[in-house]
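# Descriptive structure summary
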Amino acid sequence: MDWSKAKTILIVALIVTNIFLAYFLFGEQTPGNATFDSEFLEETEKLLGRNGIKLEASVPMKTEQLYNLIVEYEKMEPTLLSERYFISETDIDRTEGAFVEIESEDESITIINNKLLIYENSAQSTENDINNLDHAIELALGFLMERGYETDDMKLSYWRETENGFYLDFTKVFEDSYIELSYTVFRIENGQVARMERTWLNTKDIEQTDYRIVPAPKAILELLSMEDASNKTITEISLCYYFDPEKQDYLDDYQQAMEGKAVPAWRVQFQDGYDVILDLE
């Protein structure tokens, strides 16, 4: 094979493709237009494929009514959490800085920055093993309800079976749209909750907005610049609401932000559990 000739053909093909995409990205299409020609989608899928990204999800062509959501982090008061989780006496270690540790026999809770809760249980379980997904979900949701949490605002966004049980990833939802980054992750082993990590956002208010989100077919081209997205399979593309404290009006103290505005964005879920938020205007 004449490799120099083949290389020339490839370069020409890439130039033609880029010209084609440029027409749609910068031509007659306007930023608020959420509908693209089917040819654009075909070219997008080809470009993703060249980067090892396989598209096995429908690409939303229209965007429904958008809002801004005013959200706040779930309050994590150590004394109240101790009462929620433990029957026996507990030892609360309020270390300096952003960490609080609560221990009771084989169980413990760690609170980080008043936003992240990590529960761990090292006790040997006497329960029967959980051998299917439905039972794992039932156990996880029951664990939360027994401790006074609502569960009707959460949706299972990813799961996998592990050597000793299941890994479950629940995400907060508003009108069937995910709110990121708001999650409750379970590691269920030997018939019990061995570990739970929870960062949760509650909705305080809803605002109408004229926010112009980039159409999904165009937004997912951003994946081409993300090394972590290479050689993965896309299983879902959906509208979400994304709260990024760094983009709020907290100057250099964004890590202390306890509430703010969640704006519309696209959420891309991959087969291996990895997900990406594309908050492009």
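Note: the structure precedes this text.
Notes on the structure follow. The model shown is predicted, which means the values in this text are computed figures rather than measured ones. (Residues numbered from 1 in each chain as written. Predicted model: local features only at pLDDT ≥ 70, side-chain atom pairs only at ≥ 80, totals over all residues. Heavy atoms only, no water.)

Strand 6 (residues 116-121) sits mainly inside the fold: 5 of its 6 residues count as buried. Where strand 5 (residues 107-112) hands over to strand 6, the hairpin turn is made up of 3 residues, of which asparagine 113 adopts a positive phi near 55 degrees. (Buried < 20%, exposed > 50% of the residue type's maximum accessible area, 1.4 Å probe, protein only. Helix = DSSP H or I, 4+ residues; strand = E, 2+ residues; numbered from the N terminus. Pairing = 2+ DSSP bridges.)

Inspection of the secondary structure assignment puts asparagine 51 in the loop between helix 2 (38-50) and strand 1 (54-55). In this structure, the C-alpha to C-alpha distance between asparagine 51 and asparagine 231, residues 180 residues apart in sequence, is 6.9 Å. Ignoring sequence-local partners within four residues, the contact set of asparagine 51 consists of Leu223, Leu224, Ser230 and Asn231. (Contact = heavy atoms within 4.5 Å.)

Cis peptide bonds are those with omega within 30 degrees of zero, and the linkage from glutamate 180 to leucine 181 qualifies with 5 degrees. Mapped onto the elements of the fold, leucine 181 is located in strand 9 (residues 177-189). Phi at glutamate 105 is positive, roughly 55 degrees, even though this residue is not glycine. Along the chain, glutamate 105 falls in the loop between strand 4 (99-104) and strand 5. A positive phi angle is found at asparagine 231, which is not glycine, with a value near 55 degrees.

Next up on the list: the nonpolar core. One finds Leu223 and Ile234 to be the most contacted residues of the largest nonpolar core, which totals 33 residues. Residue assignment for this core shows that the elements contributing at least two residues are strand 2 (67-73), helix 5 (216-219), strand 12 (233-242), strand 13 (259-270) and strand 14 (275-278). It is strand 13 that contributes the most residues to this core, 5 residues altogether. With sequence-adjacent residues up to four places away left out, leucine 223 is seen in contact with Leu48, Asn51, Ile53, Ala229, Ile234, Val268, Phe270, Val276 and Leu278. In terms of nonpolar packing, the next biggest core, distinct from the first, is built from 26 residues, Ile137, Leu144, Met196 and Trp200 among them. (Core = buried A, V, L, I, M, F, W, Y, C linked by side-chain atoms within 4.5 Å.)

Read these as geometric descriptors, not functional statements.
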